[in-house]
Amino acid sequence: MAAPHVTIAEASALIAAKKLSPVELTQTCLDRVAKLDPTLHAFILHTPERALAEARAAEARVMQGRARGPLDGIPIAHKDIYCTAGLPTTAHSKLLQHDVPDHDAFTVAKLADAGTVMLGKLSTHEFAMGGPSFDLPWPPARNPWDPARFTSGSSSGTGAGVAAGLFLGGTGSDTGGSIRGPAALCGIAGIKPTYGRCSRAGVLPLSFTLDHTGPLAWTAEDCAMLLQAMAGHDPSDPASADVPVPDFRADLHKGAKGLRIGVVRHFHEKDVPANPAVLKGIEEAIAVFRAEGADIRDVTLPSLEDYRAAGFIILISEAYAVHEPWMKTRYNDYGELLRDRLALGGLISAADYFQAVRRRRELCQITAAAMADVDLLLTTASATEAPLLEGMPKWTSMEKPGFTYPFNVTGLPAISVCSGFGEGGMPVSIQLTGHPFAEQTVVRAAHAYETATQWRRRRPALAS
Amino acid sequence: MPAKTSRADFAALVRRAGLALTDAQIDDIHANAWPIMERLCESVRGPADRDRAVEPAHTFKPEQN
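Residues numbered from 1 in each chain as written. Chains lettered and ligands numbered in written order. Predicted model: local features only at pLDDT ≥ 70, side-chain atom pairs only at ≥ 80, totals over all residues. Heavy atoms only, no water.

Tallying secondary structure elements over chain A gives 15 helices and 11 strands in all. Whereas a compact globule of 464 residues would reach a radius of gyration of roughly 23 Å, chain A reaches 20 Å, a difference of no more than 12%. If you line up chain A on its principal axes, its C-alpha atoms span 60 × 60 × 45 Å. Among the 464 residues that make up chain A, the fraction classed as buried is 65%. Residue pairs at least 24 apart in sequence account for 79% of intrachain contacts in chain A once pairs closer than 6 positions are excluded. Split by element, the accessible area of chain A, about 15300 Å² in all, is 54% carbon and sulfur. (Helix = DSSP H or I, 4+ residues; strand = E, 2+ residues; numbered from the N terminus. Rg over C-alpha atoms; globule rule 2.2 N^0.38 Å. Buried < 20%, exposed > 50% of the residue type's maximum accessible area, 1.4 Å probe, protein only. Contact = heavy atoms within 4.5 Å. Areas by Shrake-Rupley, 256 points an atom, 1.4 Å probe, with all protein chains shown as cover.)

The following block contains the structure:
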């Protein structure tokens with residue numbers, strides 16, 4: 001019988017040792033889905049029969065000594081902007097409510113080839129941007145630590161589902177923070193890899209030069225395992241990087257000793273002052289890293305607002321280009337939040353878009369120079385704990401810059417991991433950022449932190 | 001802070017974009033979101049001493065297209 005909750009790494013080892021049946025593990029997850037998803041709304045589409053068939057196939061492979069690798073038999077689910085052949089891919093929108101692609105996204109196919117078991121398709125903010133919305137065909141996902149609270153987005157179903165143990169990991173996308181935001185507010189791990197590390201082919205676009213695909217899971221090590229399957233060159237994605245894919249877990253045993261970590265204090269102390277529990281989590285993380293033998297220093301970057309200005313103008317302009325035909329003909333078929341945000345992209349000038357792209361290069365150069373003497377940057381992924389879901393002001397997401405934009409603008413790999421609990425027992429986070437294609441170092445540091453702290457031992461009461 | 005663009009000029013921008021927004025939608029976006037967009041746009045137009053030859057972050061490379 002499966003343990004109440006297992007990580008991907010634990011389940012993988014148990015399956016390999018033939019001590020855990022992929023079918024039993026999948027059934028445990030499906031039972032949890034049946035019990036909790038009516039509250040959490042993590043899923044848009046459940047595929048239990050397909051999941052059990054895939055689990056039986058995985059189990060047969062394992063028993064016959066033909067396992068496909070460490071992810072064989074691991075239950076996951078996909079954000080519903082990832083195309084899945086023969087299954088609806090809706091983007092949580094009325095506009096694609098009945099759309100059924102004839103192909104899998106490149107990363108969906110790679111995860112399937114690795115033997116993962118797909119439990120279904122997951123809630124998102126509409127087209128990975130408009131949410132949380134109550135005027136769409138499906139309700140928004142809710143936070144397992146308190147279902148009255150927001151998951152963040154846009155990979156909201158993945159965040160909620162992983163935190164509740166409905167599945168062990170899942171896919172997300174991150175254009176301005178949509179992997180790291182839900183990871184932060186749902187108390188899990190989520191990595192946005194370097195731009196180009198994972199293919200975007202077959203994933204519905206939001207902003208061509210800012211979109212990243214990547215995984216969310218309970219731990220940094222689990223993220224590394226999923227990333228291992230997702231990463232790799234894809235000629236069908238013009239932004240895909242033709243670079244070697246290292247073993248992302250190879251350095252996990254090294255701990256944080258010798259790593260040079262730059263703390264971007266002005267982000268969370270001055271630019272957007274973070275809540276007390278977030279600040280406490282950062283200071284405790286600094287102490288943990290120092291005790292582990294890391295070299296800690298302060299680093300100064302441009303302001304969060306500076307990154308947000310370039311990032312948001314690029315995002316909204318590129319997103320409008322994607323949606324322009326529908327915006328002109330089906331405006332009111334979108335949810336209010338998405339359509340009124342997207343409209344902004346149709347109103348700014350081409351010159352301002354290009355000024356933002358020029359500013360982006362300057363920001364990349366400044367950031368690279370500031371990181372010359374460090375391996376990693378440390379800040380948070382969210383200034384606050386999860387707010388209440390209902391009654392959020394419509395334009396609240398535009399009021400203050402987020403902590404995640406800088407690393408979409410610069411394309412650098414960044415992970416959010418849980419760093420404790422604050423108001424109402426809601427999770428808080430730290431965010432670690434590395435050099436281009438240095439995901440190995442990012443997950444090494446995050447794993448060292450998780451191993452040295454207790455936060456991975458606590459699950460939402462609802463899921464216990 | 002209110003938008004620098006007048007309500008009438010903003011409505012003209014909306015019409016030029018081909019968007020069929022209601023008066024209430026125009027009022028909401030003009031009052032609550034457009035002032036932020038104006039601030040962000042002003043921010044990326046600088047710094048004042050930016051060399052006019054500064055290149056964008058993505059450039060056209062014929063061999064890659």
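In this model, G131 of chain A is joined to P132 of chain A through a cis peptide bond whose omega is 0°. Positionally, P132 of chain A belongs in the loop between strand 3 (117-122) and helix 5 (156-164). Residue P47 of chain B is reached from G46 of chain B by a cis peptide bond, and omega for that bond is 0°. You can see P47 of chain B is positioned in the segment after helix 3 (34-45). The backbone phi angle of F127 of chain A is positive, close to 50°, even though this residue is not glycine. With respect to the secondary-structure elements, F127 of chain A resides in the loop between strand 3 and helix 5. Residue F127 of chain A is classed as buried on the basis of its relative accessible area of 6%.

Okay, helix 2 (residues 22-40) of chain A next. All names here are of chain A. The largest bend in helix 2 is about 40°, located at A34, with the proline P38 one to four residues further on. Within helix 2, the full set of buried residues consists of P22, L25, T26, T28, C29, L30, R32, V33, L36, D37 and L40. Elements in contact with the buried residues of helix 2: helix 1 (8-16), strand 1 (43-46), helix 3 (48-63), strand 2 (75-79), strand 3 and helix 5. The N-cap of helix 2, judged by a side-chain oxygen 3.1 Å from the amide nitrogen of V23 a few residues on, is S21. Once helix 2 finishes, H41 follows within two positions and takes phi at roughly 55°, a positive value. (Bend = angle between axes of the 7 residues up to and from the residue. Polar contact = N/O pair within 3.5 Å; in protein donor to acceptor, adjacent residues only side chain to side chain.)

All names here are of chain A. Taken together, 11 strands build an open sheet; the order of strands is 1-3-2-4-6-5-10-11-9-7-8 and the sheet is mixed. Two strands lie at the open edges of the sheet, namely strand 1 and strand 8 (295-298), each paired on one side alone. The mean angle between the axes of side-by-side strands here comes to 30°, regardless of whether they run parallel or antiparallel. Here strand 4 (residues 169-174) runs beside strand 6 (residues 212-217); their pairing, made up of six bridges, is antiparallel. (Pairing = 2+ DSSP bridges. Axes fitted to C-alpha atoms, helices over the stretch in contact; angles between N-to-C directions.)

On to the interface of chain A and chain B. Each partner contributes to the interface: chain A provides 37 residues, whereas chain B provides 33 residues. For the pair chain A and chain B, the summed buried area comes to about 2900 Å², and 64% of that belongs to carbon and sulfur atoms. When the shortest N-O distance is used, the salt bridge between R50 of chain B and E362 of chain A registers 2.9 Å. Every element with two or more residues in the side of chain A that touches chain B is listed here: helix 10 (304-329), helix 11 (336-345) and helix 12 (350-370) of chain A. The leading source of residues in the side of chain A that touches chain B is helix 10 of chain A, at 12 residues. Split by residue class, the side of chain A that touches chain B holds 18 nonpolar, four polar and 15 charged. (Buried area = accessible area lost by both parts, 1.4 Å probe. Salt bridge = Lys/Arg side-chain N within 4 Å of Asp/Glu carboxyl O. Nonpolar A, V, L, I, M, F, W, Y, C, P; charged D, E, K, R; others polar.)

Here we come to the pattern of salt bridges. Counted according to the given criterion, the structure contains 32 salt bridges over all chains. Across the pair R61 of chain A and D72 of chain A runs a salt bridge, and its minimum N-O distance is 2.6 Å. Of this pair, R61 of chain A sits in helix 3 while D72 of chain A sits in the loop between helix 3 and strand 2, and the two are 11 residues apart along the sequence. Across this residue pair, the class does not change: R61 of chain A and D72 of chain A are buried. Among the salt bridges present, the one from K4 of chain B reaches E42 of chain B, with a minimum N-O distance of 2.8 Å. On the criterion of sequence distance, the pair formed by K4 of chain B in the segment before helix 1 (7-16) and E42 of chain B in helix 3 is long-range, its members being 38 residues apart. Residue E42 of chain B is classed as partly exposed on the basis of its relative accessible area of 38%.

Attention shifts here to the nonpolar core. The biggest cluster of nonpolar side chains holds 162 residues, and the ones touching the most others in it are F289 and L344 of chain A together with M37 of chain B. The contact partners of L344 of chain A, leaving out residues within four places of it in the chain, are F312, I316, W395 and M398 of chain A together with I29, A33, W34 and M37 of chain B. (Core = buried A, V, L, I, M, F, W, Y, C linked by side-chain atoms within 4.5 Å.)

Attention now goes to the state of the cysteines. All names here are of chain A. As enumerated under the stated definition, the model contains zero disulfides over all chains in all. C186 carries a free sulfur, and the closest cysteine sulfur to it, the one in C418, is 11 Å from it. Relative accessible area serves as the criterion here: at 0%, C186 is assigned to the buried category. (Disulfide = S-S within 2.5 Å.)

Right, let's talk about the packing of aromatic side chains for a bit. Two numbers describe a pair of aromatic rings. These are the distance of the centres and the angle of the planes. All names here are of chain A. In this structure the tally under the stated criterion is nine aromatic pairs over all chains. A centroid spacing of 5.6 Å and a plane angle of 90° characterise the contact between F43 and F167, whose relative ring orientation is edge-to-face. Taken together, the residues F43 in strand 1 and F167 in the loop between helix 5 and strand 4 connect sequence positions 124 residues apart. A single burial state applies to F43 and to F167, both of which are buried. (Phe/Tyr/Trp six-rings, centres within 6.5 Å; stacked < 30°, edge-to-face > 60°.)

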